[in-house]
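An overview of the molecular structure
One letter stands for each residue in the lines below.
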Amino acid sequence: MPDDIRPLLHASGISKFFPGAVALDEVELKLLPGEVHALLGENGAGKSTLIKCLTGAYRRDGGKIELEGVEVDPASTNESQALGIGTVYQEVNLLPNMTVAENLFLGRQITRGGLLRRRAMNRAARDVLLDYGLDIDPAEPLTSYSVAVQQVIAIARAVEMSGKVLILDEPTASLDREEVQLVFSVIRKLKERGLAVVFITHFLDQVFEISDRATVLRNGQVVGERDLRKVSSNDIVTLMLGRQLEEKVQERKGGHAGEVLVEIEDLGKRGMVEPFNLTLHEGEVVGLAGLLGSGRTETANLVFGAVQGDQGKISKRGREIRINRPRDAITHRFALCPEDRKTEGIVGDLSVRDNIILALQARQGWIRPLPRARVNEIAEHYVRALDIRLASLDMPIRLLSGGNQQKALLARWLATQPDLLILDEPTRGIDVGAHAEIIALIERLREEGMALLVASSEMEELVAYSTRVVVLRDRRQVGELTGDQITPSNIIRAIAAEEPAKEATA
Amino acid sequence: MIRSTHLPLLVTLLTFVLAYALCTAQYPAMFSTRVVANLLTDNAFLGIVAVGMTFVILSGGIDLSVGSVIAFTGVFLAVVLRDTSIHPLTAFAMVLVLTTAFGAAMGAVIHYLEMPPFIVTLAGMFFARGAAYVLSTDSVPIEHEFYDFLQSIYYKAPGGGRFRLIGAIMLLAFIAGALVLHRTKLGQNVYALGGGVATSRLMGVPLARTTVSIYAISGGLAGLSGIVFSLYTSAGYSLATVGVELDAIAAVVIGGTLLSGGYGFVAGTFFGILIMGLIQTYIVFDGTLSSWWTKIVIGALLFAFILLQKGLTWATTSRKRVRTGSATPS
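Residues numbered from 1 in each chain as written. Chains lettered and ligands numbered in written order. Predicted model: local features only at pLDDT ≥ 70, side-chain atom pairs only at ≥ 80, totals over all residues. Heavy atoms only, no water.

Our focus in this paragraph is the confidence of the model for chain A. For residues with low pLDDT, the predicted coordinates do not support detailed interpretation. Residues and elements named next belong to chain A. When pLDDT is averaged along chain A, the result is 82; 92% of the residues meet or exceed 70. Model confidence for chain A, summarised as mean pLDDT per element, is weakest for helix 11 (residues 341-345) at 74 and strongest for helix 3 (residues 100-105) at 93. In this model, residues 243-250 is a region of pLDDT below 50 whose contacts with residues beyond four sequence positions or in other chains number 13 contacts. Segment residues 499-506 is flagged for pLDDT under 50; beyond a separation of four residues in sequence, or across chains, it makes 10 contacts in the model. (pLDDT = per-residue confidence, 0-100. Helix = DSSP H or I, 4+ residues; strand = E, 2+ residues; numbered from the N terminus. Contact = heavy atoms within 4.5 Å.)

If you want it as structure tokens, here you go:
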């Protein structure tokens, strides 16, 4: 029984507060020697905050960390590294301009009389990397090797410097299948050496392949610690996504879709989204469901031309159109509200009015400015229609609350009177009231005959407004649910790769 | 073994050899110890300051203040030696401490206030130039027997070339610079900074200490360059060495160092200096060309080297995938 073994690292009661939010609420994490422990949870569940508290990148507001039974309190990543907790991040955090050996030994170089001993370091690096299954020349620049090899070098560096606990934060996110196996073979070796490995990823199949146990976080709380040999992926997904899985039969006001508006054939981009087909009708809301990293956002961006696909075609009302850039998409009356409101949506220091008018003005071209009166009219109309709460149209948009910013962004695109509105996580980070209003707005737009494509991680929300749900997994479309099939549990089953229930349980 | 990172250095070296060969083909007299000795003497102050600039650029920064610091150093020495009875060696020590501290202060501002080096050293440039004006607006001659003594030291090579002290100081600066950059932990940290500040922080590079050291080295070498310049001209003038920082940057880039940091060698800068000196010498030998041709040729060379670096970056990234084969999972 795992309970008999003394944990290598035991964090208990870890709390972290951000202004106005509880990021971690009395979180407990127990790592046993020689185990791979998956840390799971949707985006915003608190995984990275927990990691940052463990490595000293954040000061925790409560709780204690015990390493081999001794209480420790790392104040910086360097300190935690010295204590024995090493971290490897998704992006290879090594220096591309230096050699493999230089990267491996940076900060703890072998010197004699203050001068580096390059040859000794290259030899030592070679020996170390052989242990990790890499037979490479460490005097070569890091960039001579593939990302997977670089990732293994990063792991080697972290282990050599720390050697007790290794935290892997999405180390496989940008690797292909064989490369993942290279990293996994290294992880297995480290496991044999008795290290405790924390593995964070969004790929569930990888979790089951390599991990022994899992701690699942949701909204800053631990919702379960499971032995992965004894549970199914369905259980884990249910744990991750949440509480109310009671089947609510949704009143669906007429799935009567109108005429075909947009047809997408074989649209895809290598390494991002596999080619997919999608038909959007007028008066229809198509939901995109899937875990983070499943290709939701990528699909939305591809349709809008924010990312250029390398194959496939899009036609609108039967005529093929070319969308290489967002500008093309806007000309064809597409609109996209991006996921990351702060960096891709609002222009923080511009007034609310300017933000609302931005897309419409951009489509018109800068030579034909909208008359001031018309600008005010449009802005005021949408502020009223969407109930955007603000002191004045002139205030910078960054001062608005998240929900109101989101509504202003919707107003920006509604002002262009789009035929197809693409929403990526329309309700992320906004309060409950605004949440309901945005869902109601989506309903209303659909009834007015607009086609909507909505990517969201919120199952209940997708169920509430979608007339169809397309399920994505590992950057591929794996299923489509329509009508009464659309229930949270069916979506979850589709995500977890089980056959959708033939009959939705009422 | 030739690695892609060494390629710009090799190109610089080849450019120099080729250019020198072409020059001697036209003017055989250019192949003499006299010309070589003058190359070293005339470019000594520029070479020394370029060593410091190599540190700064490798770390991903820039130091615009060095030209002004050289002028300030010259005026400071001239005024101190004129108005007081302080021995030149003491004055040298004083000015080196002053300029090193000035560089360190700029480094501290850059690191702790998270200011772009461009702006901070631009302010430093005006500040040092202004300080030079405050000391004296005239050209102040330096007359001191110790100066005469230093200027009289030379090694007369067969062929009549006189290798003077200041050329030797420059060579020493290059050797010391290369040793620090390529063979010490500080040097590794300079490269790390140039490779990426965020990554360096995560890898535990002491950012504050490294940044301050880099700009202190650059400031100190600018001070040394100022001393050499005052030995070269026997005067201190607040309007001297305007734009030398740009010549130094040019030498560093022609020497194969990537302007965005991370890649490059001190030896490259040395040949960068020699190439620039060679162009000037050629124009003197020609006699009919306007000296502004120096600038045009240097401009063209700079452009060529930037293109070369772009091409190399592109070539190295495109072959990344191919090399995966050398890794064998076991």
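On to the sheet that holds strand 5 (residues 70-72) of chain A, then. Residue and element names in this part refer to chain A. Across the sheet, which stays open at both edges, the 4 strands sit in the order 2-1-4-5 with antiparallel pairing between neighbours. One side of each edge strand has no neighbouring strand; the edge strands of this open sheet are strand 2 (21-31) and strand 5. Neighbour-to-neighbour, the strand axes of this sheet turn through a mean angle of 30°, independent of strand direction. Direction of pairing for strand 4 (residues 62-67) relative to strand 5: antiparallel, over a ladder of 3 bridges. In the strand pairing of strand 5, L67 is matched with V70. (Pairing = 2+ DSSP bridges. Axes fitted to C-alpha atoms, helices over the stretch in contact; angles between N-to-C directions.)

Between chain A and chain B, the contact holds 38 residues from the first and 32 residues from the second. The junction of chain A with chain B conceals about 3100 Å² of combined surface from both sides, 51% of it contributed by carbon and sulfur atoms. In this assembly, chain A and chain B are joined by 0 salt bridges. Along the contact surface separating chain A from chain B lie 8 residue pairs in polar contact (both at pLDDT 80 or more). Mapped onto the side of chain A that touches chain B, the elements with two or more residues apiece are helix 3, strand 8 (115-116), helix 5 (147-161) and helix 6 (177-192) of chain A. Top contributing element to the side of chain A that touches chain B by residue count: helix 6 of chain A, with 4 residues. Taken together, the residues of the side of chain A that touches chain B break down into 16 nonpolar, 13 polar and 9 charged. (Buried area = accessible area lost by both parts, 1.4 Å probe. Salt bridge = Lys/Arg side-chain N within 4 Å of Asp/Glu carboxyl O. Polar contact = N/O pair within 3.5 Å; in protein donor to acceptor, adjacent residues only side chain to side chain. Nonpolar A, V, L, I, M, F, W, Y, C, P; charged D, E, K, R; others polar.)

Residues and elements named next belong to chain B. Within this structure, the stated rule accounts for 16 aromatic pairs over all chains. Judged by centre distance (5.8 Å) and plane angle (35°), the rings of F72 and F76 are tilted. With a gap of 4 residues between them, F72 and F76 both fall in helix 4 (residues 66-83), about one helical turn apart. Each member of the pair, F72 together with F76, is buried. An angle of 40° between the planes, with centres 6.1 Å apart, marks the rings of F146 and F149 as tilted. Taken as a pair, F146 and F149 lie in helix 7 (residues 145-152) at a separation of 3 residues, close to a single helical turn. Ring pairs connect the aromatic residues F16, Y20, F31, F174, F270 and F271, which therefore count as one cluster. (Phe/Tyr/Trp six-rings, centres within 6.5 Å; stacked < 30°, edge-to-face > 60°. Buried < 20%, exposed > 50% of the residue type's maximum accessible area, 1.4 Å probe, protein only.)

Looking now at the pattern of salt bridges. All names here are of chain A. Across all of its chains, the model carries 25 salt bridges over all chains by this definition. Among the salt bridges present, the one from R446 reaches E443, with a minimum N-O distance of 3.7 Å. One end of the pair is R446 and the other is E443, both in helix 15 (residues 432-447) and 3 residues apart, which spans about a single turn. Take R446 and E443: they sit in the same class, and that class is buried.

This next bit is on the sheet that holds strand 14 (residues 273-281) of chain A. All names here are of chain A. As summarised here, the arrangement of the 4 strands in space is 14-13-16-17, forming an open sheet in which the pairing is antiparallel. Every other strand in the sheet has two partners, leaving strand 14 and strand 17 (319-321) as the edge strands with one partner each. Here the average twist between neighbouring strands, direction ignored, is 20°. Strand direction decides the pairing type here: strand 13 (residues 260-269) and strand 16 (residues 311-316), joined by 5 bridges, are antiparallel. Across the sheet, the residue bridging to V262 is K316, located in strand 16. Sheet strands in contact with helix 9 (residues 296-304) are strand 13, strand 14 and strand 16, and its direction is about 65° off that of strand 14.

A word on the side chain of B:T199. Tracing the sequence through the fold places B:T199 in helix 10 (residues 197-202). Classification of B:T199 by relative accessible area gives buried; the value is 14%. Apart from the residues within four sequence positions on either side, B:T199 is in contact with A:N93, A:L94 and A:L95.

Turning next to the domain arrangement of chain A. Residue and element names in this part refer to chain A. You can read the domains of chain A as domain 1 (9-97 + 141-242) and domain 2 (261-496). Measuring from the centre of the C-alpha atoms in domain 1 to the corresponding centre in domain 2 gives 33 Å. Of the residues lining the interface, 13 residues belong to domain 1; the matching set on domain 2 comes to 12 residues. Together, the buried faces of domain 1 and domain 2 total about 1100 Å²; carbon and sulfur atoms form 59% of this surface. The three residues of domain 1 that bury the most area against domain 2 are E42, H202 and L241, which together make up 38% of that side's buried surface. Where domain 1 meets domain 2, there are 0 salt bridges. On inspection of domain 1 and its partner domain 2, the count reaches 0 residue pairs in polar contact (both at pLDDT 80 or more). Elements supplying a minimum of two residues to the side of domain 1 that touches domain 2: helix 7 (204-210) and helix 8 (233-241). Of the residues forming the side of domain 1 that touches domain 2, the biggest block, 6 residues, is contributed by helix 8. Within the side of domain 1 that touches domain 2, the residues separate by chemical class into 6 nonpolar, 5 polar and 2 charged. (Domains from an automatic or database assignment.)

With that settled, the discussion passes to the UniProt feature "transmembrane region" (unreviewed entry) in chain B. Residues and elements named next belong to chain B. When the UniProt feature table is mapped to this numbering, "transmembrane region" (unreviewed entry) covers residues 47-80, 92-113, 119-142, 163-181, 212-232, 239-259, 265-285 and 292-312. End C-alpha atoms of residues 47-80 are separated by 25 Å, and the span's content is 79% helix alongside 0% strand. Between the first and last C-alpha atoms of residues 212-232 the distance is 30 Å; the span itself is 100% helix and 0% strand. (UniProt positions renumbered as here; feature names shortened; annotations may be inferred.)

All names here are of chain B. Its place among the elements puts G107 in helix 5 (residues 88-112). On the basis of relative accessibility, which here comes to 0%, the residue G107 falls in the buried class. A sequence separation of 60 residues divides G107 from G47, and the C-alpha atoms of the two residues are 22 Å apart. Ignoring any residue separated from it by four or fewer positions in sequence, one finds G107 in contact with T211, V212 and Y215.

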